Structure formats: structure tokens, C-alpha cells
Amino acid sequence: LTRLGLVKDETPGFERVEHCMALLEAPTGTWPDDVEVTEVSTLEEMREGEHVSDIAFEMPQDMRDAGEASLPHRFEQYSTPGNAARQFVAAIDGVVVGTAAAVRGPAGVNLFGGSVLPEARGKGVYRALTHARWKFAEDWGTPALTVQAGQMSRPILEELGFSSVGDVQVFPDTVDGPAGLQ
């Protein structure tokens, strides 16, 4: 890929290397009772989750603006019956401080975009989001999780029982605009 001109680069939301991990049994450990995780059901909840991701992943303003502009359309797609993707938000004292996505597959659920506001880190929010997505996988009938973890998530996921299965090099597509916003 590098011979074809692709460049490994730090791009908001991506790291140069992501760690592929899997979990085939319930996550170990618990999280504090004051972290409430719910599945997104309204545009406003999705907007609150997007705000958390923007801050946590240090998205530049142009990407934030593009994300906000596309949010109603993305929520409409998300709300379509049969959509395999689910978004979760985590709140402490009613304030959304974390978000994470999960996509159902035939053999398990892949995790995406787990993010927590800096001031809420270390309070069990990411753990709570992971446990909620495990429950989602169980309810779907495929109790297995996969994830491409960054350097902040990896140690937490290892503590929850995830096993490393390899690493991937990330080559963001920025030719037509910021990755994921084309």
C-alpha cells in the first residue's frame, strides 16, 4: 500500500496501528453503579454521543461541522428497522460522558468508537459501555465481541478478558475528505 502512495498517518479517530482483539465469554469485572448506559433512541441522544466523540478524539472543527450536518441523515439510517448498528451512551448524574457503537454480524458483534470525555476517564465508563455491548451480543444470540483497539482502550479491554489476535496498520482515506465523512 505504501508503494501505491498511501500514508500511515495519525488522523482524528484513528491511530497508525490498531490492535485486533476478541472476547468469547462475558467480560470480567464490574463498573460503578452511577454509570448508566442506554441504547440511543433519539436524535438528541445521538447528538450528545457525537459531541463526546468529537472531544475525546480531538476532531477538528471541519469534521465536527460535517458530522453535525450529516447527523439527521445518519440517525434516519440508524433508525431503519433491521439496521445492524447500535449506538450506546453512558451518563453520570444524567450527563452523557461516553459513547460507543456495536455492529451485529453472523458470528458476533464488532465494537467501534468507544470514547469517554477526559474528565470522566478512570470512572468505569468505558467498562460499562463494553458490558452493555456484551449484553447486546448476548441478546442477539452471538455472545462474542471483536474490536480494533487503540492504545487507550487496549489495557482496559485486556483487563476485561479480551485477547489480542493481531495488529492492523491504518491507512486513512483522506482523498475525498475526512475519513468516514465522504
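Here is what the cut-offs are and how they apply
Residues numbered from 1 in each chain as written. Predicted model: local features only at pLDDT ≥ 70, side-chain atom pairs only at ≥ 80, totals over all residues. Heavy atoms only, no water. Core = buried A, V, L, I, M, F, W, Y, C linked by side-chain atoms within 4.5 Å. Buried < 20%, exposed > 50% of the residue type's maximum accessible area, 1.4 Å probe, protein only. Helix = DSSP H or I, 4+ residues; strand = E, 2+ residues; numbered from the N terminus. Contact = heavy atoms within 4.5 Å. Phe/Tyr/Trp six-rings, centres within 6.5 Å; stacked < 30°, edge-to-face > 60°. Lys NZ or Arg CZ within 6 Å of the ring centre and 35° of its normal. Patch = residues over 30% accessible without salt bridge, like charges linked within 9 Å, V, L, I, M, F, W, Y side chains within 5 Å. Areas by Shrake-Rupley, 256 points an atom, 1.4 Å probe, with all protein chains shown as cover. Salt bridge = Lys/Arg side-chain N within 4 Å of Asp/Glu carboxyl O. Expected span 1.5 Å × (residues − 1). Lys, Arg positive; Asp, Glu negative; His and termini not counted.

A. A look at the nonpolar core. In terms of nonpolar packing, the biggest core is built from 36 residues, with Val109, Leu111, Val125, Leu145, Val147, Leu157 and Phe162 touching the most fellow members. Among the secondary structure elements, those contributing two or more residues to this core are β1 (17–23), α1 (43–56), α2 (61–78), β3 (85–92), β4 (95–104), β5 (109–116), α3 (125–140) and β6 (145–149). The biggest single contributor to this core is α3, with eight residues. In this view, Val125 contacts Val35, Ala90, Ile92, Val97, Gly98, Val116 and Ala120; residues no more than four positions away in its chain are not counted.

B. Seen up close, the environment of Val109. Tracing the backbone through its elements, the reader meets Val109 in strand β5. Under the relative-accessibility criterion, Val109 is labelled buried at 1%. Setting aside anything within four residues of it in sequence, one finds Val109 in contact with Ala102, Val103, Arg104, Phe136, Ala137, Thr142, Ala144, Leu145 and Thr146.

C. Examining unusual backbone geometry more closely. The backbone of Glu58 sits at a positive phi, close to 50 degrees, despite the residue not being glycine. Relative to the elements of secondary structure, Glu58 occurs in the loop between α1 and α2. The exposed category is assigned to Glu58, whose relative accessible area is 65%. For Asp93, which is not glycine, the phi torsion reads 55 degrees and is therefore positive. Tracing the backbone through its elements, the reader meets Asp93 in the loop between β3 and β4.

D. Quick look at the packing of aromatic side chains. If you walk through the whole model with that rule in mind, you get two aromatic pairs. On the numbers, 5.9 Å between centres and 70 degrees between planes, the contact of Phe88 with Phe136 is edge-to-face. Taken together, the positions of Phe88 in strand β3 and Phe136 in helix α3 put the pair 48 residues apart, joining distant regions of the chain. Taking the relative accessible area as the measure of exposure, Phe88 reaches 5% and is therefore buried. Taking the relative accessible area as the measure of exposure, Phe136 reaches 10% and is therefore buried. One cation-aromatic arrangement involves Arg86 over Tyr78; the distance from NZ or CZ to the ring centre is 4.1 Å. In this structure, Arg104 is placed above the aromatic ring of Trp140, and the distance from its NZ or CZ to the ring centre is 3.9 Å.

E. Seen up close, a nonpolar patch on the surface. Taken together, the side chains of Leu1, Leu4 and Leu6 present a nonpolar region at the surface, about 340 Å² in accessible area. Note on placement: Leu6 falls in the segment before β1. Residue Leu6 is classed as partly exposed on the basis of its relative accessible area of 38%.

F. Region of the structure containing α1. The first and last C-alpha atoms of α1 sit 20 Å apart over 14 residues, in line with the 20 Å expected at 1.5 Å per residue. Of the residues making up α1, those classed as buried are Met46, Gly49, Glu50, Val52, Ser53, Asp54 and Ala56. If you follow the buried residues of α1, they end up packed against α2, β3, β4 and β5. Just beyond α1, the residue with positive phi is Glu58, at close to 50 degrees.

G. The arrangement of the side chain of Arg133 in detail. Checked against the element boundaries, Arg133 lands in helix α3. For the buried Arg133, no salt bridge exists, and the shortest N-O distance to an oppositely charged side chain is 11 Å, to Glu39. Excluding its chain neighbours within four sequence positions, the residues that come into contact with Arg133 are Phe88, Ala100, Ala101, Ala102, Leu111, Phe112, Tyr126 and Leu145.

H. Summary view of the pattern of salt bridges. Inspection of every chain in the model, using the stated rule, returns seven salt bridges. Ionic pairing is found between Glu50 and Arg74, a salt bridge with its closest N-O pair at 3.0 Å. One end of the pair, Glu50, is in helix α1; the other, Arg74, is in helix α2, and 24 residues separate them in sequence. A relative accessible area of 18% places Glu50 in the buried class. Given a relative accessible area of 28%, Arg74 falls into the partly exposed group. Notably, a salt bridge pairs Asp139 with Lys135, separated by 2.7 Å at the nearest N-O pair. Placement of the pair is Asp139 and Lys135 together in helix α3, with a separation of four residues, close to one helical turn. For Asp139, a relative accessible area of 56% gives the class exposed. Overlapping salt bridges bring together Glu44, Arg47 and Glu68 as one network.

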